[in-house]
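Spelled out, the chains give:
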Amino acid sequence: MSQVAVTKEDQALLNEFSVLHARHAVMEMDQKKLKTQLEDVVDATNECELLDEDDVDEIPMYKVGDAFFKLPLDKLNEHLEQDQEQLNKAVEQLDEKMEEDMVRIKELKTRLYSKFHDQINLD
Amino acid sequence: MDSSNTNGRGIPAAEFYEFKELSLEEAEKQLTRFQEFIAKYRFMETSIVRRVAGLDEKLPEIEKTLQTVTFLEAEQDENLDVLYELDDTLYANAQVTASNTVCLWLGANVMLEYPVAEAKTLLTSKLEAAKETLKTCKEDLEFLRAQITTMEVNTARVYNHTVELKRRQK
């Protein structure tokens with residue numbers, strides 16, 4: 001056979017690659033969503049820094065669930081800060097997981113390409 | 001990725017088909033067998049994908065409710081001005097006093113009143129349960145993906161072997 005035979009161990013590696021590859025695509029989408037949410041919160045925080053706390057009508061309402069609540073400026077800033085912290089943590093955790101997976105994906109690619117060369121396409 | 005005989009939810013693992021020599025007849029038989037397996041796996045995949053879609057819809061709802069309950073708990077006894085959703089794209093103004101009870105819609109035309117703390121606990125556990133189910137569904141999907149790949153590679157190897165056989169026979 002001009003082709004390199006696939007062993008059971010190779011199959012396990014191929015499966016792992018397939019799973020990690022699919023997972024990576026999903027995580028990228030989640031990452032994008034989180035980054036957009038974070039940007040929105042940061043923009044909102046910056047907007048609020050320019051506000052006067054006594055000018056009550058200018059203070060935007062804070063969205064909780066599907067409703068908007070009128071809050072004094074200090075409480076609003078507090079909530080925005082908490083939101084930003086939560087989102088930052090989530091982004092960090094996701095980035096970490098993606099890093100780990102990327103390392104393993106690179107490893108698998110090297111091994112599989114070195115054994116199978118042109119017989120497979122991993123991209 | 002381990003391949004024990006079944007995964008946690010009883011999905012059978014795909015065997016890696018080993019062979020040395022294979023007659024054309026036997027090969028055809030195996031190829032049909034592999035196709036059947038792939039069809040069964042894909043069917044399971046579709047039903048789990050549907051379940052994931054349902055959960056993806058429910059989860060944000062639970063999160064929003066929990067967020068609202070947590071907010072009310074923090075603003076106890078405060079008078080609040082709120083713009084709430086009366087209907088899709090229709091909002092109305094209201095003045096509310098954050099009470100220490102909330103009413104939760106449990107489905108099936110049932111609504112129960114809960115003290116705020118209890119409501120928060122209930123919603124948190126519902127949220128955790130939904131996230132757990134979502135996690136196992138995603139694991140099942142990954143497992144299925146691996147089994148389908150194994151079957152597809154089985155098919156490719158057996159098919160290549162038949163090509164080799166036919167070439168030898170010439």
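Note on numbering: residues in each chain are counted from 1, in written sequence order. Written order determines the labels here, with chains lettered from A and ligands numbered from 1. In keeping with the model being predicted, local features are shown solely for residues with a pLDDT of at least 70 and side-chain atom pairs are shown and tallied solely at 80 or more, while totals for entire chains, interfaces and linings include all residues. Note: side-chain values were computed over all heavy atoms of the structure, leaving out hydrogens and water.

- As recorded in an unreviewed UniProt entry, chain B goes by Prefoldin subunit 3 and comes from Schizosaccharomyces japonicus.
- UniProt positions are given in the numbering used here, feature names are shortened, and annotations may be inferred rather than shown by experiment. Here chain B is described in UniProt, under the heading Function (unreviewed entry), as follows: "Binds specifically to cytosolic chaperonin (c-CPN) and transfers target proteins to it. Binds to nascent polypeptide chain and promotes folding in an environment in which there are many competing pathways for nonnative proteins."
- Under the Subunit (unreviewed entry) heading, UniProt states for chain B: "Heterohexamer of two PFD-alpha type and four PFD-beta type subunits."

- Chain A is annotated in an unreviewed UniProt entry as Prefoldin subunit 4 of Schizosaccharomyces japonicus.
- Per UniProt, chain A carries the Subunit (unreviewed entry) text "Heterohexamer of two PFD-alpha type and four PFD-beta type subunits."

**Some remarks on the pattern of salt bridges**
Consideration 1: The working definition used for a salt bridge is a side-chain nitrogen of Lys or Arg within 4 Å of a carboxyl oxygen of Asp or Glu. Overall, the coordinates contain 18 salt bridges over all chains when judged by the stated rule.
Consideration 2: For Glu16 of chain A, the salt bridge identified is with Arg104 of chain A, shortest N-O distance 2.7 Å. Separated by 88 residues along the polypeptide, Glu16 of chain A in helix H1 (residues 8–49) and Arg104 of chain A in helix H2 (residues 73–116) bring together distant segments of the chain.
Consideration 3: Only protein chains enter the accessibility calculation, which uses a 1.4 Å probe; a residue whose area is less than 20% of its type maximum is buried, one above 50% is exposed, and one in between is partly exposed. By relative accessible area, Glu16 of chain A is classed as buried at 13%.
Consideration 4: Among the salt bridges present, the one from Arg23 of chain A reaches Glu142 of chain B, with a minimum N-O distance of 2.8 Å. Taken together, the residues Arg23 of chain A in helix H1 and Glu142 of chain B in helix H2 (residues 116–169) connect one chain to another.
Consideration 5: On the basis of relative accessible area, Arg23 of chain A is assigned to the partly exposed category, the value being 27%.
Consideration 6: By relative accessible area, which is 23% here, Glu142 of chain B ends up partly exposed. Elements are defined by DSSP. Helices are runs of H or I of four residues or more, strands are runs of E of two residues or more, and each kind is numbered from the N terminus.

**Notes on a negative patch on the surface**
Consideration 1: What goes into a patch is any residue over 30% in relative accessible area without a salt bridge, connected to like charges within 9 Å or, for nonpolar side chains (Val, Leu, Ile, Met, Phe, Trp, Tyr), within 5 Å. Every accessible area reported is derived by Shrake-Rupley at a probe size of 1.4 Å, with residue values counting cover from the shown protein chains alone. Counted as positive: Lys and Arg. Counted as negative: Asp and Glu. His and the chain ends are not counted at all. Note that the charge is assigned to NZ on lysines, CZ on arginines, CG on aspartates and CD on glutamates. Together, Asp52, Glu53, Asp54, Asp55, Asp57, Glu58, Asp74, Glu78, Glu81 and Glu85 of chain A give the surface a local cluster of negative charge.
Consideration 2: Assignment of secondary structure puts Asp74 of chain A in helix H2.

**Here we look at the UniProt feature "coiled-coil region" (unreviewed entry) in chain A**
Consideration 1: The UniProt record marks residues 73–111 of chain A with the feature "coiled-coil region" (unreviewed entry), using the residue numbering of this structure.
Consideration 2: For the annotated span residues 73–111 of chain A, helix accounts for 100% and strand for 0% of the residues, and the straight-line distance between the end C-alpha atoms is 57 Å.

**Some thoughts on a nonpolar patch on the surface**
Consideration 1: Judged by side-chain polarity, Tyr84, Leu86 and Leu90 of chain B come together as a nonpolar surface patch covering roughly 270 Å² of accessible area.
Consideration 2: Residue placement: Leu86 of chain B occurs in strand S1 (residues 79–87).

**Structural notes on the interface of chain A and chain B**
Consideration 1: The contact criterion used throughout is that any non-hydrogen atoms of two residues lie within 4.5 Å. Listed as interface residues are 24 residues of chain A and, on the opposing side, 24 residues of chain B.
Consideration 2: At the boundary of chain A with chain B, total buried surface from both sides reaches about 2500 Å², with 61% on carbon and sulfur atoms.
Consideration 3: Our count for the chain A to chain B interface comes out at three salt bridges.
Consideration 4: The closest approach of N and O atoms between Glu75 of chain B and Lys75 of chain A, which form a salt bridge, is 3.1 Å. As used here, buried area is the combined drop in accessible area, with a 1.4 Å probe, of two parts when they are placed together.

**As for the layout of surface pockets**
Residue and element names in this part refer to chain B.
Consideration 1: Of the grid points, spaced at 1 Å and generated over the protein atoms alone, those admitting a 1.4 Å probe that cannot get out make up cavities, while open sets with protein on both sides within 12 Å along at least five of seven lines make up pockets; any residue with an atom within 4 Å of a point is treated as lining. Grid points are joined across faces, edges and corners, and a volume is the space filled by probe spheres set on the points. Quantified by volume, the second largest pocket comes out at close to 950 Å³.
Consideration 2: The biggest single contributor to the lining of the second largest pocket is helix H1 (residues 24–74), with eight residues.
Consideration 3: Under the scheme applied, nonpolar residues are Ala, Val, Leu, Ile, Met, Phe, Trp, Tyr, Cys and Pro; charged residues are Asp, Glu, Lys and Arg; polar residues are all the others, including Gly. Among the residues making up the lining of the second largest pocket, the classes are represented as 20 nonpolar, six polar and six charged.

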